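Architecture and fold: a report
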Amino acid sequence: MSQANRDIGGANNRKGNRFEDAFAVARLLELAPPVFEGKSTVLIKEQAGCHVDDLLICESARRHYYQLKDDKTITWRRDNGKLTTLFETQKAECEARNEEFSLSVVVSEDHRKKSLDTNMPVSLTGPVTVVHFQRLRRPSELSRRPHLQLALSSITAWREPGPAALEEVATGFISRMGRM
């Protein structure tokens, strides 16, 4: 393999890892308020060792499985239906355990969400959702995402936090992810 191909592979791997980390932090921020209030317990595991394994979040009795794809061309049928097979297998295992669960494929491209939603295999309808999570250019962008601002506001020490305080909380969560 040439050095140019290694460089491209390494850059793609870093890009994918940053996408996965940013999504994990966003989900943690969404789930943080009841945890901080002592009303909920959340466990998180990256690369969980199951079929849909990029991120596993366990809330009380429910498990949320996520597969993240920072890919402009991902489809259910690509690579002989690999994505479909992953989700069908995970769904079957969860059902066999009588588990309360959700399965999500998370994509960085809005057109991929639309395509995956439109072409979802019948075998996956129900517990499987497609989530669009736009890639971050900078970690501070999390604090400007409208769906995270309420959660960030509720876990900051400030009574009326401004943009800088929200950015500090989001950045703190992101820096913590590097140690997990």
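The rules behind each value
Residues numbered from 1 in each chain as written. Predicted model: local features only at pLDDT ≥ 70, side-chain atom pairs only at ≥ 80, totals over all residues. Heavy atoms only, no water. Helix = DSSP H or I, 4+ residues; strand = E, 2+ residues; numbered from the N terminus. Contact = heavy atoms within 4.5 Å. Areas by Shrake-Rupley, 256 points an atom, 1.4 Å probe, with all protein chains shown as cover. Buried < 20%, exposed > 50% of the residue type's maximum accessible area, 1.4 Å probe, protein only. Salt bridge = Lys/Arg side-chain N within 4 Å of Asp/Glu carboxyl O. Pairing = 2+ DSSP bridges. pLDDT = per-residue confidence, 0-100. Core = buried A, V, L, I, M, F, W, Y, C linked by side-chain atoms within 4.5 Å. Arc of directions from axis to C-beta.

**Side note on the overall build of the protein chain**
A tally of regular secondary structure across the protein chain gives five helices and five strands. Of the contacts formed within the protein chain by residues at least 6 apart in sequence, a portion of 60% connects residues at least 24 apart. Counting only carbon and sulfur atoms, one obtains 50% of the accessible surface of the protein chain, whose full area is about 10500 Å².

**Points about the environment of D117**
Topologically, D117 is positioned in helix 3 (residues 110–118). Exposure remark for D117: the relative accessible area of 35% places this residue in the partly exposed category. For the pair formed by D117 and V130, sequence separation is 13 residues and the distance between their alpha carbons is 6.4 Å.

**Describing the pattern of salt bridges**
Summed over the entire model, instances satisfying the criterion amount to 11 salt bridges. We note a salt bridge from R135 to E109, for which the minimum N-O separation is 3.1 Å. On the criterion of sequence distance, the pair formed by R135 in the loop between strand 5 (128–132) and helix 4 (146–155) and E109 in the loop between strand 4 (100–107) and helix 3 is long-range, its members being 26 residues apart. Residue E109 is classed as buried on the basis of its relative accessible area of 16%. Note that K114 and D110 form a salt bridge whose closest N and O atoms lie 3.1 Å from each other. Of this pair, K114 and D110 both sit in helix 3, four residues apart, which is roughly one turn of the helix. Taking relative accessible area as the criterion, K114 reaches 52% and is therefore assigned exposed. D110 gets classed as partly exposed once you look at its relative accessible area, which sits at 33%. One salt-bridge network, held together by shared partners, links D70, E109 and R135.

**A few points about the pairing of strand 2 (residues 55–59)**
Most of strand 2 is tucked away: four of the five residues are buried. Here strand 1 (residues 42–46) runs beside strand 2; their pairing, made up of five bridges, is antiparallel. For K45, the partnering residue across the bridge sits in strand 2 and is L56. Pairing geometry for strand 2 and strand 3 (residues 62–69), over five bridges, is antiparallel. Bridged to E59 within strand 3 is R62. In this structure, the hairpin formed by strand 2 and strand 3 is closed by a connection of two residues, where S60 is found at a positive phi of approximately 40 degrees.

**A look at the confidence of the model for the protein chain**
Mean pLDDT over the protein chain stands at 85; residues scoring 70 or higher make up 88%. Note that residues 1–11 has pLDDT below 50 and, in this model, one contact with residues that lie over four places away or in other chains.

**Some remarks on the nonpolar core**
Formed by 24 residues in total, the largest nonpolar core has its most connected members in L29, F133 and L142. Residue assignment for this core shows that the elements contributing at least two residues are helix 1 (3–36), strand 2, strand 3, helix 4 and helix 5 (163–177). Here this core gets nine residues from one element, more than from any other, and that element is helix 1. Setting aside residues no more than four positions away along its own chain, L142 makes contact with A22, V25, A26, L29, F133, L136, L148, L152, A170 and I174. V52, L83, V107 and L124 belong to the second-largest nonpolar core, a separate cluster that totals 20 residues.

**Things to note about helix 3**
For helix 3, the full list of buried residues reads R112, S115 and L116. Taken around the axis of helix 3, the buried residues stretch over an arc of 95 degrees, which confines them to a single face. Every exposed residue of helix 3 that faces more than 90 degrees away from the buried side is listed here: K114 and T118. The secondary structure elements touched by the buried residues of helix 3 are helix 2 (78–96), strand 4 and strand 5.

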